[in-house]
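Listed here are the chains, written in short residue letters.
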Amino acid sequence: MTGALLEVERLTMEFRTHRGTGGGRVQAVRGVSFTIGRGEILGLVGETGSGKTTVGKCVVRLLNPSAGTVTFDGQDITRVPRGKLRQLRARFQMVFQDPYSSLDPRMTVARIVAEPVRAHTADSVTEVRAKAAKAIERVGLPPGVLQRLPHELSGGQRQRVGLARALVLEPQLLIADEPVSALDVSVRAGILNLLADLQRSMGFSCLFITHDLSVAEFLCDRVAVLYLGEIVEVGTRDELFADPRHPYTQSLLAAAPLPDPVRQRGRAGARLSGEPASNVTPPPGCGLNPRCPLADDRCVAEAPAFTVVSAFGHMTRCHRVQEQQSGQ
Amino acid sequence: MNTDLGNPVPVPAEPGGSGRSSGVPVLSIRDLSVAYRTGAGDVRAVDKVTVDLHAGEVVGLVGESGSGKSTLAYGATRLLRAPAVITSGTVHYQGRRVRTPVDVLELSADQLVGMRWREIAIVFQSAMNALNPVLNIHDQLTDVIRAHLPVTRREATDKAAGLLDLVGIPRTRLRSYPHELSGGMRQRVMIAMALAGEPKLLVLDEPTTALDVTTQAQILDIVRDLRSRTGMAILLITHDLGVVADIADRIVVMYAGAKVEEADVYDLFRAPRHPYAAGLLGALPGSAVARREAGQLRLAEIPGMVPVLRAPLESCAFAPRCQRATDQCRVQPPLLTPCGPADDHAVACFHPEPVATVPA
């Protein structure tokens, strides 16, 4: 089959809160739709509470979404039975944020990396070993680490082990949830280069979840920006970073300090005021309206639909952008 | 404004330049060394570091995990506990009430109590999680105020409200409990608390690390504002070079416990001289377009790991990871040496060629 490897449509995830706090529902993800093409890296960017991790967990069905569909290679994984899901899971794998807590401290690296092979294949012991050894080599670690325990490794080495475990089955889709945010910059650079190299050589698709715009700009082909459980803008890397259209994307980019004092201090200091609204009682209309300098009555009355702003699929949800487009 | 902080030390605002004022530094750290005593011998965490902090100046102390940046600051403020011990150096403080410099390292426990909050205040890393969950903001602020200042309850409440004004939190939040505040607000409360005694030196240890960028921008605006309004010296410890580029006047780069480069922020970002400083800047993604134009599609990596320093150094600590390393670097540690046209730029390297950076 051609086309997208992953199609997420109107994905919604609600969590019920404790009765003591009002018995409300946290609307973590509200109708999110996106696709990931074969061999494409899609960046999902957002701040704390934007719902980016929840989207990732729904995609691998670590969470059962409240509504919407997640179609992986033609099959809706929100509906497949357990047994079938298990088979599918060999084809999409996850890398987690914290390289310290995501590896079992009592397992050797060899066992950690071999585990998916043993769980999903009927390979012999020799084959399993060979695959684990190959995976470790692929992520740039010396064979000696196979016999080591996680605590003997540095943070960067551990994250490479996590990556080896995720890639040992040669999955079609990698979901990476903030894989470099716990690492120092020099180590982070190595992991980002490695991810880019591995993607090119192995050809997998990737959902790359991050709060760090510069990391998304380095690695991703396309980027989707999430705010309060909704995608507010999506576009190719070059378009989105060169010409962000949504006020939230613009202020997010403006708020991330550039590592260059001349340019950083010469920037206009447009700041978003306040803080994101509650996921329990999201504001009516556009989610950003309480903080947005451009908001008017319409932004409170009516949720904006996506406006396509380029021939390459750059889209954004903002009444102001839509008015501009239709006025032209 | 209800606080005496609105009574600033005059600081010349030099547009585009550093806010460094001439004269005696507020804090003068000289050859400070800190070691961790372990069963297998001392591990040197800070190695003969010298840093001056002047009024009205923000100094960015940068380095990666294990570089010794926090240990340096805690050593200089006498906050280290066993197994950390200060093995050499002096730390002279001269502030508002302390007119003749005193060596902080020589102070008695009682004298230190008088120094803390009133002269030197610290906002610790992940401080926003250090608020007492069962006390409201008013009680926590007034506790600190009354412990350090001779004021009545009424005055303490007024002062607490004034402190919240300084950090941009509505006074109605005095009645809030920590769980009712966002991370950014709690961090601002911690900064407000540090300002309670109107210190002359504020140490901020990774003040924005756990915060989102939009919140971080708000906190940095507050720090900028406080600097110009109060003329405090601010030591900002961070691993984030973007934060330093935004707010610092000077940068001190630490590696393996030592200061490897110190410069005006503009000089350092334009042309870092130490290969480690250059490596840190090269490891940042920056703009994808600029990268393509510069033909640098990959990020610069710094191979290897930070060494654990037990024996005295007989080489440059960075030599095993350094592409410029020569035989000289492997037999002799480089000393910090002035370099470049400005007299405030110094680097500890035998091959301190300036490196042109890719624009961010």
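This one's a predicted model, so the numbers in the text were calculated from it and none came from an experiment.

Student: What am I meant to see in the environment of A:T316 here?
Tutor: All names here are of chain A. In this structure, T316 sits in strand β12 (residues 315–317). According to the relative accessible area criterion, T316 is buried, its value standing at 0%. When residues no more than four places from it in sequence are discounted, the contact partners of T316 are V232, E233, R245, H246, A305, F306, T307, V309 and V321. In this structure the side chain of T316 is engaged in a polar contact, spanning 3.0 Å, whose partner is the backbone oxygen of V232.

Student: Would you mind going over the sheet that holds strand β1 (residues 4–16) of chain A with me for this structure?
Tutor: One key point about sheets: their strands pair by backbone hydrogen bonds, in either a parallel or an antiparallel sense. All names here are of chain A. Pairing in this open sheet of four strands is antiparallel, and the strands run β2-β1-β4-β5 from one edge to the other. Each edge of the sheet is formed by a strand with only one pairing partner; in this case those strands are β2 (25–37) and β5 (75–76). Both strand β4 (residues 67–72) and β5 contribute to a ladder of two bridges, which runs antiparallel. Bridge pairing in β5 links T71 to D76. Across the sheet, helix α1 (residues 52–59) touches β1, β2 and β4, and the angle it forms with β1 is around 115°.

Student: Can you walk me through the interface of chain B and chain A in this structure?
Tutor: Interfaces are often sized by the accessible area lost when the parts come together. Taken residue by residue, the interface counts 43 residues in chain B and 38 residues in chain A. Across the chain B to chain A interface the summed buried area is about 3,400 Å²; carbon plus sulfur atoms make up 53%. Counting across the interface, chain B meets chain A through one salt bridge. For B:R298, the salt bridge is made with A:D197, and the minimal N-O distance between the two is 2.7 Å. Run the count over chain B and chain A and you get 14 residue pairs in polar contact (both at pLDDT 80 or more). Taken together, the elements giving at least two residues each to the side of chain B that touches chain A come down to α5 (183–194), α6 (213–230), α7 (241–247), α8 (265–270) and α10 (288–294) of chain B. The residue makeup of the side of chain B that touches chain A, split by class, is 24 nonpolar, eight polar and eleven charged.

Student: What exactly am I supposed to notice about the sheet that holds strand β4 (residues 84–93) of chain B here?
Tutor: Residues and elements named next belong to chain B. On the basis of which strands lie adjacent, the open sheet formed by four strands has the order β2-β1-β4-β5 and antiparallel pairing. This sheet does not close on itself; its edge strands, each paired only once, are β2 (41–53) and β5 (102–103). One ladder, built from eight bridges, connects strand β1 (residues 27–38) with β4; its direction is antiparallel. Opposite Y36, over in β4, you have A84 as the bridge partner.

Student: What's the story with the nonpolar core in this structure? I'm lost.
Tutor: Burial of nonpolar side chains together is a common tendency in soluble globular proteins. Ranked by internal contacts, the top residues of the largest apolar core, which has 73 residues, are B:L202 and B:V253. Setting aside residues up to four positions removed in sequence, B:V253 forms contacts with B:V62, B:A258, B:K259, B:V260, B:E261, B:L268, B:Y276, B:A277 and B:L280. Of all hydrophobic cores here, the second largest spans 67 residues; its members include A:V161, A:L163, A:L252 and A:C292.

Student: When you look at helix α3 (residues 137–148) of chain B in this model, what are you seeing that I'm missing?
Tutor: Think of an α-helix as 3.6 residues a turn; residues three or four steps apart then line up on the same face. Residues and elements named next belong to chain B. Helix length check: α3 (twelve residues) gives 17 Å between terminal C-alpha atoms against 16 Å at 1.5 Å per residue, within 8%. Buried residues of α3: I137, H138, Q140, L141, T142, V144 and I145, and no others. Looking at the buried side of α3, the elements it contacts are α4 (153–166) and α5. Sitting at the amino-terminal end of α3 is N136, which places a side-chain oxygen 3.2 Å from the backbone nitrogen of H138.

Student: Would you explain the packing of α3(B) against α5(B) in this entry?
Tutor: When two helices pack together, their arrangement is captured by the angle between the axes and the distance separating the axes. Residue and element names in this part refer to chain B. One way to put it is that α3 packs onto α5 with a least axis distance of 9 Å and a crossing angle of 25°. Compared by their axis directions, α3 and α5 come out roughly parallel. The handedness of the crossing between α3 and α5 is right-handed. Note on element contacts: α5 touches α3 through V189, A192 and M193, opposite I137, Q140, L141 and V144. Here the residues of the contact of α3 with α5 sort into six nonpolar, one polar and no charged.

Student: What is the right way to read the confidence of the model for chain B from this model?
Tutor: Predicted coordinates in regions of low pLDDT should not be interpreted in detail. Per-residue confidence for chain B gives a mean pLDDT of 87; residues scoring 70 or more make up 93%. In the predicted structure, residues 1–21 of chain B sits below a pLDDT of 50 and forms 41 contacts with residues beyond four places in sequence or in another chain.

Student: Help me understand helix α5 (residues 155–167) of chain A, please; the structure alone is not making it clear to me.
Tutor: Residues and elements named next belong to chain A. With 13 residues, α5 ought to run about 18 Å at 1.5 Å a step, and its terminal C-alpha atoms sit 18 Å apart, in line with that. In terms of residue burial, α5 counts as a mostly covered element, since twelve of its 13 residues are buried. When α5 is considered as a whole, its buried residues turn out to be G155, G156, R158, Q159, R160, V161, G162, L163, A164, R165, A166 and L167. Buried-residue contacts for α5 involve β6 (92–95), α3 (109–120), α4 (125–138), β7 (173–177) and α6 (185–202).

Student: Sorry, what's going on with the state of the cysteines here?
Tutor: Note: disulfide means a covalent bond formed between the sulfur atoms of two cysteine side chains. Residues and elements named next belong to chain A. Summed over the entire model, instances satisfying the criterion amount to zero disulfides over all chains. No disulfide involves C292; its sulfur sits 6.2 Å from the nearest other cysteine sulfur, which is in C318. On the accessibility criterion, C318 (8% relative accessible area) is buried.

Student: Would you take a moment to explain the side chain of A:E178 for this structure?
Tutor: Residue and element names in this part refer to chain A. Tracing the sequence through the fold places E178 in the loop between β7 and α6. Judged by relative accessible area, E178 falls into the buried class, the value being 7%. When neighbours within four sequence positions are excluded, E178 is seen to be in contact with K52, Q97, I209, T210 and H211.

Student: Sorry if this is basic, but what is going on with the pairing of β1(A) here?
Tutor: Residues in a regular strand project their side chains so that they alternate between the two faces of the sheet. Bridge count between β1(A) and β2(A): nine bridges; the pairing is antiparallel. Pairing of A:L11 across the sheet is with A:V32, part of β2(A).

Student: Mind showing me how you'd approach the pattern of salt bridges here?
Tutor: Once the charged atoms of two side chains with opposite charge are near each other, the side chains can pair. Residues and elements named next belong to chain A. Scanning all chains against the criterion turns up 39 salt bridges over all chains. For R245, the salt bridge identified is with D243, shortest N-O distance 4.0 Å. Note on D243: relative accessible area 39%, which makes it partly exposed. Each member of the salt-bridge network shares a partner with another, and the members are D296, R298, E302, R320 and E323.

Reading the values: the criteria
- Residues numbered from 1 in each chain as written.
- Chains lettered and ligands numbered in written order.
- Predicted model: local features only at pLDDT ≥ 70, side-chain atom pairs only at ≥ 80, totals over all residues.
- Heavy atoms only, no water.
- Helix = DSSP H or I, 4+ residues; strand = E, 2+ residues; numbered from the N terminus.
- Buried < 20%, exposed > 50% of the residue type's maximum accessible area, 1.4 Å probe, protein only.
- Contact = heavy atoms within 4.5 Å.
- Polar contact = N/O pair within 3.5 Å; in protein donor to acceptor, adjacent residues only side chain to side chain.
- Pairing = 2+ DSSP bridges.
- Axes fitted to C-alpha atoms, helices over the stretch in contact; angles between N-to-C directions.
- Buried area = accessible area lost by both parts, 1.4 Å probe.
- Salt bridge = Lys/Arg side-chain N within 4 Å of Asp/Glu carboxyl O.
- Nonpolar A, V, L, I, M, F, W, Y, C, P; charged D, E, K, R; others polar.
- Core = buried A, V, L, I, M, F, W, Y, C linked by side-chain atoms within 4.5 Å.
- Expected span 1.5 Å × (residues − 1).
- Parallel < 35°, antiparallel > 145°, perpendicular 65-115°, else oblique.
- Left-handed = near helix turned anticlockwise from the far one by under 90°.
- pLDDT = per-residue confidence, 0-100.
- Disulfide = S-S within 2.5 Å.

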